[in-house]
Structure formats: structure tokens, C-alpha cells
Amino acid sequence: MVAANPNMIVVLNTGSAVTMPWLSSVAGVFENWYPGQQAGNAIAASGVISGTATAGGSSTVAVTATDGNGVSGSATSVWTVDT
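About the cut-offs
Within any chain, residue numbers begin from 1 and follow the written order of that chain's sequence. It should be noted that, the model being predicted, local features are given only for residues of pLDDT at least 70 and side-chain atom pairs only at 80 or more, the latter also being counted only at that level, while totals for whole chains, interfaces and linings use all residues. The side-chain quantities take in all heavy atoms of the structure and omit both hydrogens and water. Secondary structure is summarised from DSSP: a helix means a run of H or I of at least four residues, a strand means a run of E of at least two, and numbering begins at the N terminus for each. Only the C-alpha atoms count toward the radius of gyration. The rule for a globule is 2.2 Å times the residue count to the power 0.38. The classification of residues rests on relative accessible area computed with a 1.4 Å probe and restricted to protein chains. Under 20% of the type maximum is buried, over 50% is exposed, and intermediate values are partly exposed. Two residues qualify as a contact provided that any one of their heavy atoms is within 4.5 Å of a heavy atom in the partner residue. Exposure was quantified through the Shrake-Rupley algorithm and a 1.4 Å probe, taking into account, for residues, occlusion by the shown protein chains and nothing else. Grid points spaced at 1 Å and placed over the protein atoms alone form the basis of the search, with a cavity being a set where a 1.4 Å probe fits but cannot get out and a pocket an open set showing protein on both sides within 12 Å along at least five of seven lines. Lining residues have an atom within 4 Å of a point. Grid points are joined across faces, edges and corners, and a volume is the space filled by probe spheres set on the points. Note on residue categories: nonpolar means Ala, Val, Leu, Ile, Met, Phe, Trp, Tyr, Cys or Pro, charged means Asp, Glu, Lys or Arg, and polar means any other residue, Gly included.

*Asks:* Let's hear about the overall build of the protein: which residues, and what values?
*Replies:* The helix and strand inventory of the protein stands at 1 helix and 4 strands. Along the chain direction, N to C, the helices and strands of the protein fall in the order β-β-α-β-β. Its C-alpha atoms give the protein a radius of gyration of 15 Å, more than 25% over the compact-globule value 12 Å for 83 residues. Oriented by its inertia axes, the alpha-carbon framework of the protein measures out at about 45 × 30 × 25 Å. Taken across its 83 residues, the protein has 12% of its residues classed as buried. Contacts spanning at least 24 positions in sequence make up 17% of the contacts within the protein whose residues lie at least 6 apart. About 6,200 Å² of surface is accessible on the protein, with carbon and sulfur atoms providing 55% of the total.

*Asks:* Would you mind going over the environment of W22 in detail, with residue names and values included?
*Replies:* Structurally, W22 is set in the loop between β1 (9-12) and β2 (28-31). Among the residues examined, W22 registers a relative accessible area of 28% and is labelled partly exposed. C-alpha of W22 to C-alpha of V2: the two residues are 20 residues apart in sequence and 9.6 Å apart in space. Excluding residues within four positions of it along the chain, W22 makes contact with V10, L12 and V29.

*Asks:* Provide a residue-level description of the layout of surface pockets, including the pertinent values.
*Replies:* Here the largest pocket defines a volume of roughly 580 Å³. Lining the largest pocket are 17 residues, with F30, E31, N32, V48 and W79 positioned closest to its centre. Elements represented by at least two residues in the lining of the largest pocket include exactly β2, α1 (39-46), β3 (57-66) and β4 (72-81). A per-class count over the lining of the largest pocket returns 13 nonpolar, 3 polar and 1 charged. Lining the second largest pocket are 14 residues, with S16, A17, V18, W33 and V63 sitting closest to its centre. For the lining of the second largest pocket, the secondary-structure elements that each account for two or more residues are β2, β3 and β4. Ranked by residues supplied to the lining of the second largest pocket, first place goes to β4 with 3 residues. Partitioned by chemical class, the residues of the lining of the second largest pocket number 10 nonpolar, 3 polar and 1 charged.

*Asks:* Could you give an account of the environment of V29, naming the residues involved and the relevant values?
*Replies:* If you trace the backbone, V29 turns up in strand β2. For V29, a relative accessible area of 35% puts it in the partly exposed group. Residues V29 and M8, 21 residues apart in the sequence, show an inter-C-alpha distance of 8.9 Å. In this view, V29 contacts I9, V10, L12, M20, W22 and L23; residues no more than four positions away in its chain are not counted.

*Asks:* Pulling in residues and values, what's your account of the side chain of N32?
*Replies:* Among the secondary structure elements, N32 is positioned in the loop between β2 and α1. Residues contacting N32, with those up to four places away along its chain left out, are V11, L12, N13, A39 and I43.

Structural measurements only, silent on function.
Right, dumping it as C-alpha cells:
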């Protein structure tokens, strides 16, 4: 599919870590996490994927994990949509 459309954006509807070996082949990734029943309508109405965003803002997400040996790690990401 990416060969047919090099501007492809993948929408993930997940709640945990995802392996993305194809990441370098797509133009972008939109991570939903737990969006609820109206996710499709909300994503479409926002214009974020089509490039016609109707609302802007930032969201900060911090994830911390501890393995079975007690070793912890964390990562913080900030997503910003400008209109």
C-alpha cells in the first residue's frame, strides 16, 4: 500500500507498545491509544490527517516501565498540532 501512496499515514488504535518495522516507509503515525467510540469521527473532523487541522494544541505523554528485575525506564514525548 505504501508503494501506491508515499504519503500514507498509519492510524494506530493501541494501548501499549507497538513494534513498527515499517515506520521509515510511511509519512507519519497517528497514535490513538484509548480513543472511545467516536474516535473515527473525531480524527476525521480534526483535519489532522488531511492537513487541514481545525484545532491546535499540545499533549505531553510520559511512560514509565519497570521490568521483572526492578529496572525502570521512562520516556516523554510532546505532540503539537499548529493550525
